[in-house]
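# Analysis of the macromolecular model
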Amino acid sequence: MLKLEHISKTFDPGTVNEKKALQTVSLELADGDFAAIVGSNGAGKSTLFGAIAGSFFTDTGRILLDGRDITFEPEFRRSRRIGRLFQDPLRGTAPHMTIEENLALAYLRASGKGHIFSRVSAKEKEFFRQQLAQLGLGLEDRMSQPVGLLSGGQRQALTLLMATLVTPKLLLLDEHTAALDPGTAEKVLELTKRIVEQRKITCLMITHNMQSALALGNRTLMMDSGRIVLDVKGEAREGLSVEDLVRRFHSSTGRALDDDRILLAGEDN
């Protein structure tokens, strides 16, 4: 499904600001895998997503999606098969456009059924309404309202729906609940789990909550200094605690996990 072969990325090479963001990263995800990624700030998590989504080209290695080499495919083309959500609820939607217009843009782009300025049919509008109703937020009765009037949680839920309206080959979730209050974050996370499970979507999710990284999906990855240093799944993951994960990180890297945000997130649960 997704295969990364020894991808590397260095920003500002040869300068005092040189940063080796990704170092020969290799990873394979099977169809339906849901992997949670944790790691300290600067570990390379969001850079990994940028490489997969096509925000920049890697210096070395290959990226394959469903056996197709997309290493040098531009971002706008990858976006037809790769859904992505960001931490900021303001990203991913057009605030001055209505809910219906945002859904139409997402649908036309991902489905390839027409130009982005094409009109959607009455049948497609009813499809949008049905999908919105499943969110349980009452947005199906507000389709003519600008997205900018929505709360952060509503907007993030809408963005999730837009990213999965046409089932993507891969869904990238970059701390998509981190900017929400705890109650709203839990609702969006439950919605995420339901959509991913129902659609059997292959998914990568960045989180700072180590408990969530162990509880969600079927695989847990840890990154450090641009490398994947841990990859646990199956029986090895069952019953694993946050403390076990911290110990394994120390054993793999030879140093302690020094990101308070991650450690506190694990303790909060």
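Structural data are supplied above this passage.
Residues numbered from 1 in each chain as written. Predicted model: local features only at pLDDT ≥ 70, side-chain atom pairs only at ≥ 80, totals over all residues. Heavy atoms only, no water.

## A look at the sheet that holds strand β1 (residues 2-11)
- As summarised here, the arrangement of the four strands in space is β2-β1-β4-β5, forming an open sheet in which the pairing is antiparallel. With partners counted over all chains shown, the strands left at the sheet margins are β2 (19-29) and β5 (68-69), one partner each.
- Examined bridge by bridge, β1 and strand β4 (residues 60-65) share five bridges and lie antiparallel to one another. Along β4, the bridge assignment pairs Lys3 with Leu64.
- On top of the sheet, helix α1 (residues 45-53) reaches β1, β2 and β4; it is set at about 115 degrees to β1, its chief contact. (Pairing = 2+ DSSP bridges. Helix = DSSP H or I, 4+ residues; strand = E, 2+ residues; numbered from the N terminus. Contact = heavy atoms within 4.5 Å. Axes fitted to C-alpha atoms, helices over the stretch in contact; angles between N-to-C directions.)

## Things to note about the packing of helix α3 (residues 99-111) against helix α5 (residues 152-164)
- Where α3 contacts α5, the two axes come as close as 8 Å, and the packing angle between them is 30 degrees. Looking at the two axes, α3 sits roughly parallel to α5. The way α3 lies across α5 gives a crossing that is right-handed. Of α5, the residues touching α3 (which contributes Ile99, Asn102, Leu103 and Ala106) are Leu158, Leu161 and Met162.
- Residue composition of the contact of α3 with α5, grouped by class: six nonpolar, one polar and no charged. (Parallel < 35°, antiparallel > 145°, perpendicular 65-115°, else oblique. Left-handed = near helix turned anticlockwise from the far one by under 90°. Nonpolar A, V, L, I, M, F, W, Y, C, P; charged D, E, K, R; others polar.)

## Things to note about the pairing of strand β9 (residues 219-224)
- With respect to burial, β9 is a largely interior element, six of its six residues being buried.
- Burial along β9 is two-sided: Arg219, Leu221 and Met223 and Thr220, Met222 and Asp224, pointing in opposite directions, are all buried.
- When β9 meets strand β10 (residues 227-233), the two strands line up antiparallel, connected through six bridges. Across the sheet, Met223 pairs through a bridge with Ile228, a residue of β10. (Buried < 20%, exposed > 50% of the residue type's maximum accessible area, 1.4 Å probe, protein only.)

## A word on the environment of Gly138
- Summarising the element assignment, Gly138 is placed in the loop between α4 (122-133) and α5.
- Counting along the chain gives 16 residues from Gly138 to Gln154, while the straight-line C-alpha distance between them is 9.7 Å.

## Concerning the nonpolar core
- Counting 46 residues, the largest nonpolar core has Ile99, Leu103, Phe128, Leu132, Leu158, Leu171 and Met222 as the members making the most contacts within it.
- In this structure, Leu22, Leu27, Ala53 and Leu172 belong to the second largest nonpolar core, which totals 26 residues. (Core = buried A, V, L, I, M, F, W, Y, C linked by side-chain atoms within 4.5 Å.)

## Observations regarding the sheet that holds strand β8 (residues 203-206)
- Read from one edge of the open sheet, six strands run β6-β7-β8-β3-β9-β10, paired in mixed fashion. Only two strands of the sheet have a single partner each, and these edge strands are β6 (82-85) and β10. Looking at each pair of strands side by side, their axes are set apart by 20 degrees on average, direction ignored.
- Relative to β8, strand β3 (residues 34-39) is paired through four bridges, and the arrangement is parallel. Among the inter-strand pairings, Ala36 is bridged to a residue of β8, identified as Met205.
- Strands in contact with α1 are β3, β6, β7 (170-174), β8 and β9; relative to β7, the strand with the most contacts, it is inclined by about 150 degrees.

## Here we look at the pattern of salt bridges
- In total, this model carries 13 salt bridges according to the counting rule given.
- With a shortest N-O distance of 3.6 Å, Asp59 and Lys9 are connected by a salt bridge. Residue Asp59 is located in the loop between α1 and β4, and its partner Lys9 is located in strand β1; the two are separated by 50 residues in the primary sequence.
- By relative accessible area, Asp59 is classed as partly exposed at 44%.
- The class of Lys9 is buried, set by a relative accessible area of 13%.
- Between Asp66 and Lys169 there is a salt bridge, with the nearest N and O atoms lying 3.0 Å from each other. With Asp66 in the loop between β4 and β5 and Lys169 in the loop between α5 and β7, this pair connects stretches of sequence that are 103 residues apart. (Salt bridge = Lys/Arg side-chain N within 4 Å of Asp/Glu carboxyl O.)

## Details of the environment of Leu27
- Inspection of the secondary structure puts Leu27 in strand β2.
- Classification of Leu27 as buried rests on a relative accessible area of 5%.
- As a C-alpha pair, Leu27 and Ala157 span 130 residues in sequence and 29 Å in three-dimensional space.
- Sequence-distant contacts of Leu27, defined by excluding residues within four places in its chain, comprise Leu2, Lys3, Leu4, Arg219, Leu221, Ile228 and Asp231.

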